[in-house]
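A structural walkthrough
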Amino acid sequence: MKVLNKSQNRLTVTNQDGDFSIEAKVNDTISFQSIFYHPLEVILKQSHFDDINVFEVEEIVSELDEVEIQSEPEQPVFEEETYNRELNNLIKEGLKRNPHLYRPENAQSGGNILGIISLVIKLFKKKNKEKNKNKPPTYPPLKYEQIDSLFSKSSFFNKSLVTENLKIPEDKVKLFYDFCSAKGISSKLLLEENKMMLLEELVVNSQLFLILLEEYGEQATVKD
């Protein structure tokens with residue numbers, strides 16, 4: 001801390017314990033200054049010369065404006081019963097209008113899962129295109145090639161994560177990548193600090209993908 005005798009223009013500094021010595025006389029003004037403490041000025045009296053003196057300065061405390069602390073928003077939970085009624089209705093409508101596109105050859109009922117998921121992918125891509133119209137995103141949606149590259153090169157997002165943890169059948173892995181790209185996942189999730197957010201997105205998408213496989217598999221019966 002700087003100790004200034006303003007009357008005589010003399011300056012010294014305290015040591016780490018706050019001790020100091022400065023030449024002065026009665027009625028001199030001593031000023032104490034530091035960036036960490038409020039300034040203090042003392043006009044010396046005779047009593048100050050009769051013994052060692054202690055001068056107390058007030059520490060500067062930075063106070064923030066009042067802030068409101070909120071809990072982190074809860075992540076949406078995927079529920080099978082309410083996952084997407086519009087999607088379900090669209091699939092059924094597609095099966096009614098063009099049954100030959102979504103039914104295996106020589107089959108009287110049941111849906112071709114590849115055709116159905118292709119229909120779903122087209123729906124998602126159409127919705128994302130309408131959503132992002134005239135609003136170019138800072139981070140564009142992930143493309144199929146980026147997802148494929150991610151699972152080919154990443155030590156964390158590898159193929160075993162897809163087949164063993166997300167339970168995607170090996171022969172449907174590429175289709176799952178295409179499905180994820182249609183969902184419009186932001187490429188911002190490729191950043192290292194967003195790794196767990198990307199994993200959550202993949203988990204939710206895998207659940208929906210598996211539901212589609214189960215409900216509209218090649219042996220599934222088309223219901224009105």
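Right, let's walk through the structure included here. (Residues numbered from 1 in each chain as written. Predicted model: local features only at pLDDT ≥ 70, side-chain atom pairs only at ≥ 80, totals over all residues. Heavy atoms only, no water.)

1. What to know about the pairing of strand β4 (residues 37-43)
Where strand β3 (residues 29-34) meets β4, five bridges bridge the pair, whose relative direction is antiparallel. Of the residues in β4, the one forming a bridge with I30 is V42. Where β3 folds back onto β4 in an antiparallel hairpin, the turn is made up of two residues. (Pairing = 2+ DSSP bridges. Helix = DSSP H or I, 4+ residues; strand = E, 2+ residues; numbered from the N terminus.)

2. A closer look at helix α6 (residues 195-215)
If you check α6, its first and last C-alpha atoms are 30 Å apart, about what 21 residues at 1.5 Å a residue would give, namely 30 Å. Of the positions making up α6, those classed as buried are L198, L199, L202, N205, S206, L208, F209, I211, L212 and L213. (Expected span 1.5 Å × (residues − 1). Buried < 20%, exposed > 50% of the residue type's maximum accessible area, 1.4 Å probe, protein only.)

3. Description of the pattern of salt bridges
Throughout the structure, instances matching the rule amount to six salt bridges. Across the pair K172 and D171 runs a salt bridge whose closest N-O atoms are separated by 3.1 Å. Looking at K172, the relative accessible area reads 15%, which means it is buried. The closest approach of N and O atoms between E192 and K195, which form a salt bridge, is 3.5 Å. On the basis of relative accessibility, which here comes to 24%, the residue K195 falls in the partly exposed class. (Salt bridge = Lys/Arg side-chain N within 4 Å of Asp/Glu carboxyl O.)

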